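Structure at a glance
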Amino acid sequence: MIKILLLGSTGSIGTSTENCIRRYRDQFSLVGISVNRRIESALNQINEFSVSHISVGTDDAYNQFPRDQYSSVTLYKGDEGLLQMAEELDYDVLVNALVGSVGFAPTVAALKRGKKVALANKESLVVGGEVIARVMKEFGGTLLPIDSEHSAILQCLNGEESKTIESMTVTASGGPFRELPSDQFSKISVETALKHPTWAMGPKITIDSSTLMNKGFELIEAHHLFDISFDQLKVVVHPQSIIHSMVTFTDGAVMAQCGLPDMELPIQYALTYPKRLPITSPRLDLATLGSLTFFEPDYNRFPCLNLCIEAGRAGGTVPAVLNASNEIAVELFLNRKIAYVDIAKIVSEACELHTRQDALSLEQIISVDRETRSLVREKYGR
Ligand SMILES: NC(=O)c1ccc[n+]([C@@H]2O[C@H](COP(=O)([O-])OP(=O)(O)OC[C@H]3O[C@@H](n4cnc5c(N)ncnc54)[C@H](OP(=O)(O)O)[C@@H]3O)[C@@H](O)[C@H]2O)c1
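Residues numbered from 1 in each chain as written. Predicted model: local features only at pLDDT ≥ 70, side-chain atom pairs only at ≥ 80, totals over all residues. Heavy atoms only, no water.

With that out of the way, let us pick up the packing of helix 6 (residues 122-139) against helix 10 (residues 213-225). Contact geometry for helix 6 and helix 10: axes closest at 9 Å, N-to-C directions at 55 degrees. Here helix 6 is positioned oblique relative to helix 10, judged by the angle of their axes. For the pair helix 6 and helix 10, the sense of crossing is left-handed. Contact with helix 6, carried on its side by K122, L125, V126, G129 and E130, involves N214, F217, E218, I220, E221, H224 and L225 of helix 10 and no other residues of that element. Here the contact of helix 6 with helix 10 is built from residues that sort into 5 nonpolar, 3 polar and 4 charged. (Axes fitted to C-alpha atoms, helices over the stretch in contact; angles between N-to-C directions. Helix = DSSP H or I, 4+ residues; strand = E, 2+ residues; numbered from the N terminus. Parallel < 35°, antiparallel > 145°, perpendicular 65-115°, else oblique. Left-handed = near helix turned anticlockwise from the far one by under 90°. Contact = heavy atoms within 4.5 Å. Nonpolar A, V, L, I, M, F, W, Y, C, P; charged D, E, K, R; others polar.)

Quick look at the structure:
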């Protein structure tokens, strides 16, 4: 029985993870969950999976939790609660499905205990990839990607020697504005930006996908996960999202992992790696699909992609600034306080104003994250 701590249990990845647990109830159990504020959904999960520990993000959710009815459930609160669960509970795998840099500290805490972390929370690696690498060197721990692109690369690398890897190509759907002329970008509304063509995801990653910030984050994530240089990382736009990513080897062979878009496969693979368990989902039928298409990304219309590559190459504290400014800019856009095109401008400005430091510790990254958030909020959160 694999004991799972699922942080971010009511979100898009959280509920897909729930489906994987439901499919193999004899192999997986859920020991702890976290939600920000969706208490009703959390109570359903507690009832169905006999969950014994929960952390909630907000004071309201904490006060709303029916403690009398659930006296056997241990209740935690806030960022501290997430950390405490990762540090103290008895679990085998942390599934980190939190959104944003709040996921970084629990990832580090689990790795420090030598645990396996199935990571959807790419922000962990964006903000603190260098710190995470040091923690893993010192304490062990295993990091397995849930992102479909990185899961694809992991699957392509099975049985291969790292010295034979020439490059990795991360595919991108291109998002809803793939073909939108640049003079239309200033008119993009929250509603259109929230309509992703191929994946149903939480609001923050949906916006990040539309700006290609998400793809840039994935390059930083791949750099840390597979210890590969930015020169060896490529992006190709592939609107059908059938090829999830590819690896080119030094003999010219290209391995690609394909399938219909479905996050349950990479989630379940991370839980059972290196084994596979059956999933009876609809199968890929290439003849029915007919054709797959590929394009170069347009770096001019999607400046966030280059911002990520520059921040990733700079390393140190710069990616933490990139991420924090983006989190606040996306929040301001979703709250209709800034225009869509301001997201890239705000992130670019925050990175330019920042004086890079070497990434030394979790505490330092968290402090840079907080400082950037308050600077951006102060300036743009009118
Ligand atoms: N969705 C995808 O298909 C996909 C694919 C690849 C990677 N990812 C990555 O996976 C992560 C999660 O994405 P998502 O789309 O699943 O996000 P989401 O739908 O917005 O879900 C986020 C989850 O985290 C919980 N949460 C947020 N802040 C919290 C806090 N402070 N304390 C406790 N719980 C908190 C939310 O609770 P509430 O329900 O109460 O708000 C929710 O359960 C992101 O890093 C994303 O980039 C997602």
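This paragraph deals with empty space enclosed by the protein. A full pass over the atoms with the stated rule returns 1 cavity of 30 Å³ or more. Here the largest cavity defines a volume of roughly 40 Å³. Counting residues per element, the lining of the largest cavity draws most heavily on helix 6, which supplies 6 residues. Among the residues making up the lining of the largest cavity, the classes are represented as 6 nonpolar, 4 polar and 1 charged. (1 Å grid on protein atoms, 1.4 Å probe; cavity = no way out; pocket = protein on both sides within 12 Å on 5 of 7 lines; lining within 4 Å. Points joined across faces, edges and corners; volume = space filled by probe spheres on them.)

What follows deals with a negative patch on the surface. On the surface, D79, E80, E87 and E88 cluster together into a negatively charged patch. Mapped onto the secondary structure, E87 falls in helix 4 (residues 78-88). For E87, a relative accessible area of 42% corresponds to the partly exposed category. (Patch = residues over 30% accessible without salt bridge, like charges linked within 9 Å, V, L, I, M, F, W, Y side chains within 5 Å. Areas by Shrake-Rupley, 256 points an atom, 1.4 Å probe, with all protein chains shown as cover. Salt bridge = Lys/Arg side-chain N within 4 Å of Asp/Glu carboxyl O. Lys, Arg positive; Asp, Glu negative; His and termini not counted. Charge placed at Lys NZ, Arg CZ, Asp CG, Glu CD. Buried < 20%, exposed > 50% of the residue type's maximum accessible area, 1.4 Å probe, protein only.)

A few words on the environment of S229. Mapped onto the fold, S229 is located in the loop between helix 10 and strand 9 (233-237). When the C-alpha atoms of S229 and R313 are compared, they prove to be 8.7 Å apart, with 84 residues separating the residues in sequence.

Around the ligand lies a shell of 25 residues, among which T10, N36, R37, R38 and E123 are the nearest. Between the ligand and the protein, one listed contact pairs an oxygen atom with a backbone N or O atom of S12 at 2.9 Å. Broken down by class, the residue content of the shell around the ligand amounts to 10 nonpolar, 10 polar and 5 charged. Counting only domains with at least three residues in the shell around the ligand, you end up with domain 1 (2-145) and domain 2 (150-260 + 283-314). (Near = heavy atom within 4 Å. Polar contact = N/O pair within 3.5 Å; in protein donor to acceptor, adjacent residues only side chain to side chain. Domains from an automatic or database assignment.)

The next subject is the side chain of Q268. Position of Q268 among the secondary structure elements: in helix 11 (residues 264-272). Look at Q268 and you get buried, because its relative accessible area is 2%. If we ignore the near neighbours within four places in the chain, the residues touching Q268 are C20, R23, Y24, L277, P278 and I279.

In this section: the packing of helix 6 against helix 14 (residues 318-334). Where helix 6 contacts helix 14, the two axes come as close as 7 Å, and the packing angle between them is 135 degrees. The orientation of helix 6 relative to helix 14 falls into the category oblique. Residues E123, V126 and V127 of helix 6 form the contact with helix 14, whose participating residues are P319, A320, L322, N323 and E327. Of the residues belonging to the contact of helix 6 with helix 14, the class tally is 5 nonpolar, 1 polar and 2 charged.

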